[in-house]
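Below, each chain spelled out in residue letters.
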Amino acid sequence: MKIEDIINKFALKGNTIEIKENNVGNINKTYIITTKDEKEHKYVLQRINTTVFNEPYLLMQNIESVTEYYKKYIKINHEDVERGTLSVIKTKNNSNLFRTSNNEYYRMYNYVDNAVTYDKSENAEMFYNVGKAFGHFVKVLNDYPIDKLSETIPNFHNSKVRLNDFLKDIKRDPCDRVKDVLAEIVYIIKRQDELGIIVDLMEQGKIPKRVTHNDTKINNVLIDEKTKKAICVIDLDTVMPGSALYDFGDAIRSGAATTYEDDPNLENVGINMEYFRKFTEAYLSETKEILTQQEIDNLALSCRIITLELAMRFLNDYINGDTYFKCDYEKHNLVRARNQIKLVDEMEKHYQEMNKIIKECALNKVLKLTK
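Description of the structure in this document. From a predicted model like this one, the values you see are computed outputs, not experimental measurements. (Residues numbered from 1 in each chain as written. Predicted model: local features only at pLDDT ≥ 70, side-chain atom pairs only at ≥ 80, totals over all residues. Heavy atoms only, no water.)

**As for the packing of aromatic side chains**
Using the criterion set out here, one finds eleven aromatic pairs in the structure. A connected cluster of aromatic rings, assembled from ring pairs, spans Phe127, Phe248, Tyr275, Phe276, Phe279 and Tyr283. We note Arg191 situated over the ring of Tyr187; from NZ or CZ to the ring centre the distance is 3.7 Å. (Phe/Tyr/Trp six-rings, centres within 6.5 Å; stacked < 30°, edge-to-face > 60°. Lys NZ or Arg CZ within 6 Å of the ring centre and 35° of its normal.)

Encoded structure:
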């Protein structure tokens, strides 16, 4: 089916004058659509990757419900509805998805003008704004009825399930690669008890389930081109019931690291503690009133757990023949795994300092609230 015909299924303003393919992102195929009547309008069209998201209707039900809830908050607080969250554009049949005859699924959002995404923060202030955005996201959705949310990727951050799969795949050794990664396997197994802490806390009811983003990389926040302030959180495919610890930990893992997650030079791998402090200040400024003490006490640990979990996932994919993560060369996943293991080492070295910063930021927020 031609892309023009797919676009025509959606209830857009004006007539299509431009279609541009956007190559950003590894999951969904994306197009930027420009239409025109009295003025120009822009939209984002995406083909959903049903290999990753095999329940597209549940996926879109999550996204539409969450964004509509978010809009109500924005309106009540007199914020910018057009830029404060994504808006799902319906089809002419009032559906949030269009399915083609060969079972491809397309969705459409509003396009936010004068906004960009970054793969790394340009400075600590930008990362502070990212922390505000992700913290605000959790705060706004604090009272959202969590039973309405479906798991779009079951056990996405269930480290115990992922560990069990990892151990099984080590035994299977389908590509005869285990012998080359014994040191990395031992490293992860030595920390297996730590891997399950967040899951155990949730199962025991010691920390609450929340509406969480579950993929809190900086490039999932739109940044205003001029002010460099965060506008809104995007890429809502992984919005599911989860723990705030997952979001905090993954944001630090990806955003406070001193280099990219596939840098083969391990000497470059570290944690930028200025970035860590800035993000923590921002995140807690938004969430301190809703987070429990148990959650705050485990924020620093969550960074290690999420980083170790991803190291395990990269290594597991390498053992299985690189079937999940997109790879640019033969040992790409192994490079990623070793990079993340080094980052865990760096977090362990700075663990006391990380906890100290969290306590200072939490205390500072309490003092402000009582003034």
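Still to come is the rest of the account.
**Digging into the sheet that holds strand β10 (residues 230-233)**
The pairing of strands in a sheet comes from backbone hydrogen bonds and takes either a parallel or an antiparallel form. The strand order across the open sheet formed by three strands is β7-β9-β10, and the pairing between neighbours is antiparallel. Edge strands, defined here as strands with exactly one partner in the open sheet, are β7 (115-116) and β10. Pairing of strand β9 (residues 221-224) with β10 involves three bridges; the strand directions are antiparallel. Bridge assignment links Ile223 to a residue of β10, and that residue is Ala230. (Pairing = 2+ DSSP bridges. Helix = DSSP H or I, 4+ residues; strand = E, 2+ residues; numbered from the N terminus.)

**Considering the pattern of salt bridges**
If charged atoms from side chains of opposite charge come close, those side chains can pair. Scanning all chains against the criterion turns up 25 salt bridges. Among the salt bridges present, the one from Glu348 reaches Arg191, with a minimum N-O distance of 2.9 Å. Of this pair, Glu348 sits in helix α13 (residues 332-349) while Arg191 is found in the loop between α6 (182-190) and α7 (192-195), placing the two residues 157 residues apart along the sequence. A residue is classified by how much of its surface remains accessible, and Glu348, at 26% relative accessible area, is partly exposed. A residue is classified by how much of its surface remains accessible, and Arg191, at 18% relative accessible area, is buried. It is possible to trace a salt-bridge network through shared partners that takes in Lys132, Lys139 and Glu286. (Salt bridge = Lys/Arg side-chain N within 4 Å of Asp/Glu carboxyl O. Buried < 20%, exposed > 50% of the residue type's maximum accessible area, 1.4 Å probe, protein only.)

**What to know about the packing of helix α9 (residues 244-255) against helix α12 (residues 299-319)**
The N-to-C vectors of α9 and α12 enclose an angle of 70°; their axes lie 7 Å apart at closest approach. Taken together, α9 and α12 sit at an angle that is classed as roughly perpendicular. α12 is crossed by α9, and the crossing has right-handed handedness. The segment α9 lies against α12, with Leu245, Tyr246, Phe248, Gly249, Asp250, Ile252 and Arg253 engaging Leu299, Ser302, Cys303, Ile306, Thr307 and Leu310. Residues of the contact of α9 with α12, tallied by class, amount to eight nonpolar, three polar and two charged. (Axes fitted to C-alpha atoms, helices over the stretch in contact; angles between N-to-C directions. Parallel < 35°, antiparallel > 145°, perpendicular 65-115°, else oblique. Left-handed = near helix turned anticlockwise from the far one by under 90°. Contact = heavy atoms within 4.5 Å. Nonpolar A, V, L, I, M, F, W, Y, C, P; charged D, E, K, R; others polar.)

**Quick look at unusual backbone geometry**
The phi dihedral of Asn214 falls on the positive side, at around 70°, and the residue is not glycine. As for its placement among the helices and strands, Asn214 is situated in the loop between β8 (210-212) and β9. Residue Asn214 is classed as buried on the basis of its relative accessible area of 4%. Positioned with a positive phi, Asp235 is a non-glycine residue whose angle comes to about 55°. Following the sequence through the fold, Asp235 ends up in the loop between β10 and β11 (240-242). Of the residues examined, Asp235 reaches a relative accessible area of 31% and is grouped as partly exposed.

**Considerations on α12**
Taking 1.5 Å as the rise per residue, α12 with 21 residues should run 30 Å; its terminal C-alpha atoms sit 30 Å apart, in good agreement. Taking burial as the measure, the 21 residues of α12 include 21 buried ones, the bulk of the element. Positive backbone phi, approximately 95°, marks Gly321, located one or two places after α12. (Expected span 1.5 Å × (residues − 1).)

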